[in-house]
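One letter stands for each residue in the lines below.
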Amino acid sequence: GTPASKSTEMVTLTIDGFDVTVPEGTSVMRASAEAGIQVPKLCATDSVEAFGSCRLCVVEIEGRRGTPASCTTPVTPGMVVKTQSSKVKKIRKGVMELYISDHPLDCLTCAANGDCELQDMAGMVGLRDVRYEAVANHFEARDNSGDVNTQFIPKDDSNPYFTYDPAKCIVCSRCVRACEEVQGTFALTIEGMGFNSRVSAGAAGDDFLSSDCVSCGACVQACPTATLQEKSVIEMGTPERSVITTCAYCGVGCSFKAE
Ligand code: FES
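Residues numbered from 1 in each chain as written. Predicted model: local features only at pLDDT ≥ 70, side-chain atom pairs only at ≥ 80, totals over all residues. Heavy atoms only, no water.

**Some words on helix α3 (residues 117-124)**
Now for step 1: Here α3 has its buried residues at L118, M121 and A122. Along the axis of α3, the buried residues cluster in a sector spanning 105°; they form a single face.
Now for step 2: Here the buried face of α3 lies against α2 (86-101).
Now for step 3: After α3 finishes, the residue G126 shows a positive phi value of roughly 80°. (Buried < 20%, exposed > 50% of the residue type's maximum accessible area, 1.4 Å probe, protein only. Helix = DSSP H or I, 4+ residues; strand = E, 2+ residues; numbered from the N terminus. Arc of directions from axis to C-beta. Contact = heavy atoms within 4.5 Å.)

Dropping the structure here:
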């Protein structure tokens, strides 16, 4: 969901007909989770501040126009929320369809297969078909007619521990926020606009190794797809069990993975 509120004041609201009482400042998404209701999401996590960019978590709130993002909407007393109306389900499916239409369809050979939030969310919103004709992903070397794609950005293999594949990036900015909020390094940014926006490590042309990245792994842990992927997972596959440990030296938490 989203980070927990530290407030001691409590607020009661209704979500899908259930009364829920949570600390003031809690997001509607987190309050839903407390009530056992899972709202689809891609850009929100428990560990970084909500950003509201993916629009997958939209809900209806009585008395409010539109469909606000549940991750960036704080609860208010007496609020009445619908998380499963046909209207929001349709919006979520449409949003997911757009994501998938600009994403490589190589799930079966992708290192994140079975451990990919994009895959999970596509299933959760019930997406079965994509109506939009596949076009050359703007991160592919050549477009559909075989011409050189001037927007092409190759995979960055420079870091010894992980790879960065721009073709799989959904620009949720979880990595950028993890770098800033968890590690305090500010090595990553989003550059470009609209269709051409992407995550970048420092100045144009910089790769991860020559950037300010300290290889802490916070961005890799935050990534919901295989955009930032541990090389060990690419080489050895996804382990059956993983344990996150934290020590006094940093707030990231090291992944210890066992077969
Ligand atoms: Fe709320 Fe992405 S999870 S907008």
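Next comes the rest of the account.
**Observations regarding the environment of S70**
Now for step 1: With respect to the helices and strands, the residue S70 is situated in the loop between β3 (60-61) and β4 (80-82).
Now for step 2: C-alpha separation for the pair S70 and R55, spaced 15 residues apart in sequence, amounts to 9.0 Å.
Now for step 3: Reaching out from S70, the side chain makes a polar contact with the backbone oxygen of C57 at a distance of 2.9 Å. (Polar contact = N/O pair within 3.5 Å; in protein donor to acceptor, adjacent residues only side chain to side chain.)

**A closer look at the pattern of salt bridges**
Now for step 1: With the rule as written, the count across this model stands at 5 salt bridges.
Now for step 2: Two residues, E97 and R131, come together in a salt bridge whose shortest N-O distance is 2.8 Å. Of this pair, E97 sits in helix α2 while R131 sits in the loop between α3 and β5 (162-164); the two residues are 34 residues apart in sequence, bridging distant segments of the chain.
Now for step 3: The partner of E191 in a salt bridge is R198, with the nearest N and O atoms 3.2 Å apart.
Now for step 4: For E191, a relative accessible area of 26% translates into the label partly exposed.
Now for step 5: When its relative accessible area of 13% is taken as the criterion, R198 is described as buried. (Salt bridge = Lys/Arg side-chain N within 4 Å of Asp/Glu carboxyl O.)

**Thoughts on the sheet that holds β4**
Now for step 1: With mixed pairing, 4 strands are arranged side by side in an open sheet as β2-β1-β4-β3. At either end of the open sheet lies a strand with only one pairing partner, and these are β2 (18-23) and β3.
Now for step 2: Relative to β2, strand β1 (residues 10-15) runs antiparallel, the two sharing 6 bridges. Opposite L13, over in β2, you have V20 as the bridge partner. (Pairing = 2+ DSSP bridges.)

**So, the pairing of strand β6 (residues 188-191)**
Now for step 1: The pairing of β6 with strand β7 (residues 198-201) spans 4 bridges and is classified as antiparallel. Bridged to L188 within β7 is A201.

**Brief notes about α2**
Now for step 1: Here α2 contains 16 residues, and its C-alpha end-to-end distance of 22 Å stays within 8% of the 22 Å for a straight helix at 1.5 Å per residue.
Now for step 2: Of the residues making up α2, those classed as buried are V88, R92, V95, M96, E97, Y99 and I100.
Now for step 3: Buried residues belonging to α2 abut β3 and α3. (Expected span 1.5 Å × (residues − 1).)

So yeah, pure geometry; function would need other evidence.
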